[in-house]
Amino acid sequence: MNELKSIESQALQALESVTSIPELDQWKSTHLGKKSSLMGVLKGMKDATPEMRKEMGAEANRIKKGLGASWEKRRQEISEAEVNARLEKEWLDITLPLSHDEQGHLHPITRYSRKIEDIFTKMGFKVLEGPLVEDDWHNFEALNIPPEHPARDMQDTFFMTNGSLLRTHTSSVQIRTMEKIQPPFRGIAPGRVFRNEEVDACHDNTFYQVEGILIDKDISVANMKYFLRTMLREIFEKDVEVRLRHGYFPFVEPGFELDLRCLLCEGKGCPACKHVGWSELMGCGMVHPKVLEACNIDPEVWGGFAFGMGLNRLVMNHYDIDNIRHFVSGDLRFVQQLN
Ligand code: PHE
């Protein structure tokens, strides 16, 4: 009986210094396992008298149960302590304001793009989308640019080995829209385009455009001018001076180039406008009947205008940025100063 008492007190003492689950498992096998001293005593009882066996058996069982309960209690204490320690380590105050240095912001191209989307959605235009990897039909053929047409050289193209290509302009979205939606409709499609060009300060092999298209009955060049001036006035938040020059694009007739009186020098002539006082902003014109026909729209009934505007040039003009390649350089110093 004395031995049993000392086994119990030793086990309880050892349990005090156990602080982790693996140690606890170890403790259990040492003090309650098959090879434990307690089990040894129980096994040795076969030689004892029946009365002794009864008394010792009851005591040993009490100890076994008691140690089991102490083990369970310790296990709970340890798990709880482990959870608390983890919570303490991982605690963070999600209500703290971010430090200003780490705040992100929109890229200037995205900001302009959203601004233009807002202006046009207020005038009833829908925002349209198309894929960057296009096929010949949507980028050229349906836009009245058949194979071998010299206009294909106006936009040097990146071709994929499977015959697909990277869209050279957002005009491909005009076709995708007209194929899907019956007129009347109006929409704009901002997005990235690609050209296999020599790069320099004014040309990059990727840039951003916004395409616009409106198809309805009785639409004239005057309507087109109205929408374009309204947009430019809202973008620059002042009255801007524009002029239309004849311009050739196979998918519009008549076609125009729209120039903006240079915002930096107000027409006096500066490096940004190449000293002419005007900067080319977009191509536009009345949608060619052949384009409507390619999309199964009857040109006798429906007509409208389309325009395609380079976004990079616009932002460059606004902020006096001297090199188009900054936009996709990934240099944060560039975007951060235009926040
Ligand atoms: N797609 C032409 C370009 O990228 C621009 C354009 C669009 C011209 C729509 C006329 C009408 O240069």
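Our subject is the structure listed above.
What this report covers is the structure whose coordinates are included nearby. (Residues numbered from 1 in each chain as written. Predicted model: local features only at pLDDT ≥ 70, side-chain atom pairs only at ≥ 80, totals over all residues. Heavy atoms only, no water.)

### Some points on the overall build of the protein
Put simply, the rule is: Secondary structure elements follow DSSP: runs of H or I of four or more residues count as helices, runs of E of two or more count as strands, with numbering from the N terminus. The reference for a compact globule is 2.2 Å times residues^0.38; the radius of gyration itself is calculated from the C-alpha atoms. Buried means the residue's accessible area, taken with a 1.4 Å probe over protein chains only, is under 20% of the maximum for its type, while exposed means over 50%, and partly exposed covers the values in between. Contacts are assigned to residue pairs that have any heavy atoms within 4.5 Å of one another. Residue burial considers only the protein chains on display, and all accessible areas are found by Shrake-Rupley using a 1.4 Å probe. A residue counts as positive if it is Lys or Arg and as negative if it is Asp or Glu; His and the chain ends are not included. Charged groups are reduced to one reference atom each: NZ for lysine, CZ for arginine, CG for aspartic acid, CD for glutamic acid.
If you tally the helices and strands in the protein, you get eleven helices and nine strands. Here the C-alpha radius of gyration of the protein, 39 Å, is well above what a compact globule of 339 residues would show, namely 20 Å. Residue burial in the protein is summarised as follows: out of 339 residues, 43% are buried. Long-range pairs, those at least 24 residues apart, make up 67% of the contacts in the protein between residues at least 6 apart in sequence. Counting only carbon and sulfur atoms, one obtains 51% of the accessible surface of the protein, whose full area is about 19700 Å². In the protein, which carries 42 positive and 51 negative side-chain charges, the distance between the mean positions of the two groups comes to 7 Å.

### Looking at empty space enclosed by the protein
Remark: the empty space left among the atoms is shown by a probe the size of a water molecule rolled over them. The cut-off we apply is this: Cavities and pockets are defined on a 1 Å grid built over the protein atoms alone: a cavity is a set of grid points where a 1.4 Å probe fits but cannot escape, while a pocket is an open set with protein on both sides within 12 Å along at least five of seven lines, and lining residues are those with an atom within 4 Å of any such point. Grid points are joined across faces, edges and corners, and a volume is the space filled by probe spheres set on the points. Three classes are used, and their members are as follows: Ala, Val, Leu, Ile, Met, Phe, Trp, Tyr, Cys and Pro are nonpolar, Asp, Glu, Lys and Arg are charged, and the others, Gly among them, are polar.
A complete count under the given rule lists one cavity of 30 Å³ or more for this structure. Approximately 50 Å³ is the volume found for the largest cavity. Lining the largest cavity are Phe-140, Ile-145, Ala-151, Met-154, Gln-155, Phe-249, Pro-250 and Phe-251. Here the residues of the lining of the largest cavity are counted per class, giving seven nonpolar, one polar and no charged.

### Overview of the pairing of strand S9 (residues 303-310)
This is how the line gets drawn: The pairing criterion is simple: DSSP has to find at least two bridges between the two strands.
Burial within S9 is extensive, with seven of its eight residues counted as buried. Relative to S9, strand S5 (residues 206-216) runs antiparallel, the two being bridged by eight bridges. From the neighbouring strand, Gln-209 faces S9, where its bridge partner is Gly-310. Of the pairings in the sheet, the one linking strand S8 (residues 278-287) to S9 comprises five bridges and is antiparallel in character. Its bridge partner lying in S9, Met-286 is registered against Phe-305.

### With respect to the pairing of strand S7 (residues 252-261)
For S7, the buried fraction is high: seven of the ten residues fall into the buried class. Both strand S6 (residues 242-246) and S7 contribute to a ladder of five bridges, which runs antiparallel. Bridge pairing links Arg-243 to Asp-259 in S7. The hairpin formed by S6 and S7 contains five residues between the paired strands. Sheet topology note: the S7/S8 ladder contains eight bridges and is antiparallel. In the sheet register, Glu-257 faces S8, and the bridge partner there is Gly-283.

### Section: the packing of aromatic side chains
To keep things clear, this is the line we draw: The aromatic pairing rule takes the rings of Phe, Tyr and Trp, using the six-membered ring of Trp, and pairs them if the centres are within 6.5 Å, calling planes under 30 degrees apart stacked, those over 60 edge-to-face and the rest tilted. Working rule: Lys NZ or Arg CZ, within 6 Å of ring centre, within 35 degrees of ring normal, means a charge sits over the ring.
What the rule picks out here adds up to seven aromatic pairs. Geometrically, the ring pair formed by Phe-327 and Phe-334 is edge-to-face, given 5.5 Å between the ring centres and 90 degrees between the ring planes. Judged by relative accessible area, which is 7%, Phe-334 ranks as buried. An aromatic cluster is present here, built from Phe-120, Phe-125, Tyr-226, Phe-227, Phe-305 and Phe-307 joined pairwise through their rings. The cationic tip of Lys-115 hangs over the ring face of Tyr-112; the distance from NZ or CZ to the ring centre is 5.6 Å.

### Quick look at the environment of Asn-205
Relative to the helices and strands, Asn-205 is located in the loop between strand S4 (185-194) and S5. On the basis of relative accessible area, Asn-205 is assigned to the partly exposed category, the value being 29%. Residues within four places of Asn-205 in sequence aside, it is in contact with Phe-158, Val-193, Phe-194, Arg-195, Glu-197 and Val-199.

### A closer look at the layout of surface pockets
Taken as a whole, the largest pocket spans an internal volume of roughly 710 Å³. Forming the boundary of the largest pocket are 34 residues, of which Arg-195, Phe-207, Gln-209, Phe-249 and Gly-308 lie nearest the centre. Here the lining of the largest pocket is built from residues that sort into 16 nonpolar, eleven polar and seven charged. Reported here for the second largest pocket is a volume of approximately 520 Å³. If you trace the second largest pocket, you find 22 residues lining it, with Ala-272, Cys-273, Lys-274, Ser-279 and Arg-313 closest to the centre. At the level of secondary structure, the elements contributing two or more residues to the lining of the second largest pocket comprise S6, S8 and helix H10 (311-319). The class makeup of the residues in the lining of the second largest pocket is eleven nonpolar, three polar and eight charged.

### So, a positive patch on the surface
Stated formally: Like-charged residues are merged into a patch within 9 Å and nonpolar side chains (Val, Leu, Ile, Met, Phe, Trp, Tyr) within 5 Å, provided each residue has over 30% relative accessible area and no salt bridge. Salt bridges are defined as contacts in which a side-chain nitrogen from Lys or Arg sits within 4 Å of a carboxyl oxygen from Asp or Glu.
A grouping of Lys-34, Lys-35, Lys-43 and Lys-46 is seen on the molecular surface, where their side chains present a positively charged patch. You can see Lys-43 is positioned in helix H3 (residues 37-44).

### Observations regarding the site of the ligand
What counts, and what does not: Neighbouring residues are identified by heavy atoms, a residue being near a molecule or strand if any of them is within 4 Å of it. Two N or O atoms form a polar contact when they lie within 3.5 Å of each other; inside protein one atom must be a possible hydrogen donor and the other a possible acceptor, and for residues adjacent in sequence the pair counts only when both atoms belong to side chains. Cavities and pockets are treated as containing a molecule whenever more than half of the molecule's atoms lie within 2 Å of their grid points.
If you check the shell around the ligand, you find 15 residues, and the closest are His-169, Ser-171, Arg-195, Gln-209 and Gly-308. At 2.9 Å, a side-chain N or O of Arg-195 approaches an oxygen atom of the ligand. Contact with the protein chains covers 93% of the free accessible surface of the ligand, which is 320 Å². One can see that the ligand is located within the largest pocket. Secondary structure elements with two or more residues in the shell around the ligand: helix H7 (171-180), S5, S8 and S9.

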